[in-house]
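One letter stands for each residue in the lines below.
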Amino acid sequence: SSGSHWPKHRVAPVGDTVFCLASLAMIVDVCNNSEHSFVLDGDYFPAGELKSDRQIVLAPGVSTKVALSATMEGIKGLMWFVDTEKHNVYVSFAFCRPTIGGTRFSCRVGAPPANLKNDIGSAPNLGKDKFPPNDASNREFCCEWIATADGVQVTIPQEVPFYLPPTVEEYAAAADPAARAGEKPADFMAQTRPMDATDGFVRGLKTAGQGVAGGLASCVAAPILGAKSQGAVGFVKGLGMGLVGGALMAVGGVTCGAAQVGRGFMQIPTAYRARQEEKVWDQELGQWIDVDLVALEHEVAGYKLEDESPTAGSSGPSASVVETEYYELLGVSPGASPAEVKKAYYKEARKVHPDKNPDDEGAKEKFQELQQVYQVLADPDSRKKYDKEGKAGVTAEKNVQMDAKAFFGLLFGSEKFVKWTGELKMAMQMDHFSKNVMSQDAEEPEDMDRGSEIVRKQQTAREVFCAVNLRDKVERMVYGRDLAGFEEQMRLEAHELAGAQYGPELLAVLGERYQLRAEIYLANELAGRFSMKKRWASMNNNWAMARHGVDFYSSAALSVYRLSGVRSAQKSAMKKAVKAAEQDPSVDVEAEQ
């Protein structure tokens, strides 16, 4: 490489290693024939680094040299430039020059590819002939390049396409489920494949433990059952069968466990490469995958979750309403949707929540009343009955059950924070658990597997919902390059969030989580996955999670304890009211309660 572009220790052959690294270095000579000036917008280097000044400019009408240096693994990475005026024309480079093997290179002008990382592996080989060839039918790159003695020479044409951020409709079209129609469910072996060595060890230990436990249980249970049916002879037969069956189960469990440990160790190279490429593990497919947020957004939009079923989401009030007292207590009209009823309940219940008014007995009674009203109006069947018969039709209902999602929403959240946090997973699990308990006496109890699948989908939808919100939030900065406007927008939103219940506390936790995750990511990218900086950042993250977990569950336990008094008083009042009504039909049940 040219000595004018490199530090002396890179050029002078002090040793074989230095000579090898110098021979792997690259000069990307960019001839910009367009009218745009481009500045460096970002880079990603798993191997090698950018040696040129990061303030480098690809000026129009001139040739600019961009220098890259190699590490022991060679050069592998990405870098992309954006025009300085409207920030809607990109120049994206992908290159791979390993220590052993040929060089690959690609350059795109205009719209960046959907996934720059994929370009590293799919880049064509860098040869002496110009690429793309003149007769090429696919002109997706919009530029030309050819290998040189120092690296590669790239020519940006005069006319370049502009990049416009995709609209919601284009996002949906890009995530057309027809593109995923060819995906087949993973087989049993793939679904049980461990993620890495640690996961394999845990799975193996669990499988072996289950096999040994099952074998011991068989050895104990078989003689007992045999003795009950055939006496001493049955005991002996059962003992023999138990020993044989138990041994087989134990041996099988240990064998399968050892196999899982072995499969985990076999996954070490794959897991290492996948984590370097920022992939995530999909247990259903049994493989590491790239996160396609657009496809996930379209996928979760098609989920049929319990809360979005026609029964729960489309049942409005009856045509005729005999009284409106419950609606007036929440401050909504009789035609309010379930979402409006829920929002109104949150607003009114926060004002009289026992945690906010620990010394106000009147507030406790109002909260109890609001809880009962919401329970009636939130349930489609109870709401129809109330609309037709009034309070008399719903007073003698079963014990009022606190809505788990509403409970945790009142304690730890606000509708203003939903787009940042989503619904708490614990709230989803508690809601599912309470509905399952209530369905035990029903004619068709709820399917446990279906309930678990609903919770899993709800959690996936929550994660995608929050990720989409982040994507939309940073669009002003990423696409518009309006850093000052973005910061002002975030300050205004933080001021609004601080006005919500527990707003300052929630904002502090939210900011801490983002900072910790950013530190982990930066330590991983800049210092390495196994560096001390990365380990320290991970330790801080784990400590913060443990601390917040203790605070969360202690606060929940304290609030549950305080609300137990409300529930006890509610049940007692309900029993007294129903008993009084049975003894004297003329008694006003609602007034008695």
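The model shown is predicted, which means the values in this text are computed figures rather than measured ones.

Definitions and limits used
- Residues numbered from 1 in each chain as written.
- Predicted model: local features only at pLDDT ≥ 70, side-chain atom pairs only at ≥ 80, totals over all residues.
- Heavy atoms only, no water.
- Helix = DSSP H or I, 4+ residues; strand = E, 2+ residues; numbered from the N terminus.
- Buried < 20%, exposed > 50% of the residue type's maximum accessible area, 1.4 Å probe, protein only.
- Contact = heavy atoms within 4.5 Å.
- Areas by Shrake-Rupley, 256 points an atom, 1.4 Å probe, with all protein chains shown as cover.
- Pairing = 2+ DSSP bridges.
- Patch = residues over 30% accessible without salt bridge, like charges linked within 9 Å, V, L, I, M, F, W, Y side chains within 5 Å.
- Salt bridge = Lys/Arg side-chain N within 4 Å of Asp/Glu carboxyl O.
- Core = buried A, V, L, I, M, F, W, Y, C linked by side-chain atoms within 4.5 Å.
- Expected span 1.5 Å × (residues − 1).
- Bend = angle between axes of the 7 residues up to and from the residue.
- Polar contact = N/O pair within 3.5 Å; in protein donor to acceptor, adjacent residues only side chain to side chain.
- Phe/Tyr/Trp six-rings, centres within 6.5 Å; stacked < 30°, edge-to-face > 60°.
- Axes fitted to C-alpha atoms, helices over the stretch in contact; angles between N-to-C directions.
- Parallel < 35°, antiparallel > 145°, perpendicular 65-115°, else oblique.
- Nonpolar A, V, L, I, M, F, W, Y, C, P; charged D, E, K, R; others polar.
- pLDDT = per-residue confidence, 0-100.
- Lys, Arg positive; Asp, Glu negative; His and termini not counted.
- Charge placed at Lys NZ, Arg CZ, Asp CG, Glu CD.

## Re the overall build of the protein
Scanning the protein from terminus to terminus reveals 21 helices and 12 strands. Expressed as a percentage of the 593 residues in the protein, the buried residues total 36%. Looking at the protein alone, contacts between residues at least 24 apart form 63% of all its contacts between residues at least 6 apart. As displayed, the protein has an accessible area near 33700 Å², and 58% of this comes from carbon and sulfur atoms.

## Comments concerning the pairing of strand β8 (residues 104-110)
The buried fraction of β8 is high, at six of seven residues. A loop of five residues connects strand β7 (residues 90-98) with β8, the two strands running antiparallel in sequence, and G101 in this loop sits at a positive phi of about 125 degrees.

## Regarding a nonpolar patch on the surface
Side chains of F235, V236, L239 and L243 sit close together on the surface and give an oily, nonpolar patch of about 360 Å² of accessible area. Topologically, L243 is positioned in helix α6 (residues 197-266). With a relative accessible area of 47%, L243 lands in the partly exposed category.

## Quick notes on the sheet that holds strand β3 (residues 49-50)
Strand pairing within a sheet occurs via backbone hydrogen bonds; the two strands may be parallel or antiparallel. Spatially, the five strands line up as an open sheet ordered β3-β5-β1-β10-β9, and their pairing is mixed. For this open sheet the edge positions go to β3 and β9 (144-147), each flanked by a neighbour on one side alone. Inspection of the sheet shows strand β1 (residues 26-32) paired to strand β10 (residues 151-156) by six bridges, in the parallel sense. Bridging across to β10, V30 finds its partner in V154.

## Quick look at the nonpolar core
Core analysis: the biggest nonpolar cluster contains 30 residues, and V28, L68, M79, F81, F93, F105 and C107 have the highest contact counts within it. Among the elements of the structure, β1, β2 (38-47), β5 (63-69), β6 (74-83), β7, β8 and β10 are those that each provide at least two residues to this core.

## What about the sheet that holds strand β4 (residues 57-58)?
Read across the sheet, five strands follow the order β4-β2-β6-β7-β8 without closing on themselves; strand pairing throughout is antiparallel. Edge positions in the open sheet fall to β4 and β8, since each of these has one partner strand only.

## Focus on α6
When the terminal C-alpha atoms of α6 are compared, their 8 Å separation across 70 residues is substantially less than the 104 Å that a helix rising 1.5 Å per residue should span. Along α6, the helix axis deviates most sharply at Q230, where the bend reaches about 150 degrees. With a side-chain oxygen lying 3.3 Å from the backbone nitrogen of T198, the N-terminal cap of α6 falls on D196.

## Details of the packing of aromatic side chains
Within this structure, the stated rule accounts for 10 aromatic pairs. Judged by centre distance (4.9 Å) and plane angle (35 degrees), the ring pair of F131 and W145 falls under tilted. Here F131 is found in the loop between α3 (116-122) and β9, whereas its partner W145 is found in strand β9, with 14 residues between them in sequence. Judged by centre distance (6.3 Å) and plane angle (90 degrees), the rings of W420 and Y514 are edge-to-face. Separated by 94 residues along the polypeptide, W420 in helix α15 (residues 418-421) and Y514 in helix α19 (residues 503-526) bring together distant segments of the chain. Taking relative accessible area as the criterion, Y514 reaches 37% and is therefore assigned partly exposed.

## Structural notes on helix α11 (residues 338-351)
Relative to the 20 Å expected for 14 residues at 1.5 Å per residue, α11 spans 21 Å between its end C-alpha atoms, a close match to the ideal helical length. Turning to α11, its buried residues number three or more, namely V341, A344, Y345, Y346, A349 and R350.

## Quick notes on the pattern of salt bridges
Within the structure shown, the criterion is met by 10 salt bridges. Put simply, R471 and D472 hold a salt bridge, and the shortest N to O gap is 3.4 Å. Residue D472 is classed as partly exposed on the basis of its relative accessible area of 41%. In this structure, K473 engages E493 in a salt bridge whose closest nitrogen and oxygen atoms are separated by 2.7 Å.

## Describing the side chain of D199
Along the chain, the position of D199 falls in helix α6. A distance of 2.8 Å separates the side chain of D199 from the backbone nitrogen of M195, its partner in a polar contact. Dropping the residues within four chain positions of it, D199 is found in contact with P194 and Q283.

## What about the environment of E278?
With respect to the element layout, E278 can be found in the loop between α7 (268-276) and β11 (280-282). Sequence separation between E278 and V291 is 13 residues, and the spatial gap between their C-alpha atoms is 9.0 Å.

## Considerations on the packing of helix α12 (residues 361-378) against helix α13 (residues 380-389)
Put simply, α12 and α13 touch, their axes get as near as 5 Å, and they point 100 degrees apart. Classified by the interaxial angle, the pair formed by α12 and α13 is roughly perpendicular. Taken together, the residues of α13 that come into contact with α12 (itself represented by V376, L377 and A378) are P380, S382, R383 and Y386. When grouped by side-chain class, the residues that make up the contact of α12 with α13 number five nonpolar, one polar and one charged.

## Observations regarding the environment of I75
With respect to the helices and strands, I75 occurs in strand β6. Spatially, the C-alpha atom of I75 lies 7.4 Å from that of E49, the residues being 26 residues apart in sequence.

## A word on the side chain of D83
Along the chain, D83 turns up in strand β6. At a separation of 3.1 Å, a polar atom in the side chain of D83 contacts the main-chain amide nitrogen of H87. One polar contact links the side chain of D83 to the main-chain amide nitrogen of V89, over a distance of 2.8 Å. The residues contacting D83, other than those within four sequence positions of it, are H36, S37, F38, N88 and V89.

## Here's the deal with the confidence of the model for the protein
Averaged over all residues, the pLDDT of the protein is 76; the fraction at 70 or higher stands at 71%. The low-confidence segment residues 306-319, where pLDDT is below 50, has 29 contacts with residues more than four positions distant or belonging to other chains.

## So, a negative patch on the surface
A surface patch of negative charge is lined by D359, D360, E361 and E365. Counting through the fold element by element, E365 comes out in helix α12. Under the relative-accessibility criterion, E365 is labelled exposed at 55%.

## Describing the pairing of β10
In terms of strand pairing, β9 meets β10 through four bridges, oriented antiparallel. Residue I146 lies in a different strand from β10, and its bridge partner there is Q153. Hairpin remark: β9 followed by β10, antiparallel, with three residues in the connecting loop.

## Let's talk about unusual backbone geometry
Even without being a glycine, H87 presents a positive backbone phi close to 55 degrees. Following the sequence through the fold, H87 ends up in the loop between β6 and β7. On the basis of relative accessibility, which here comes to 21%, the residue H87 falls in the partly exposed class.

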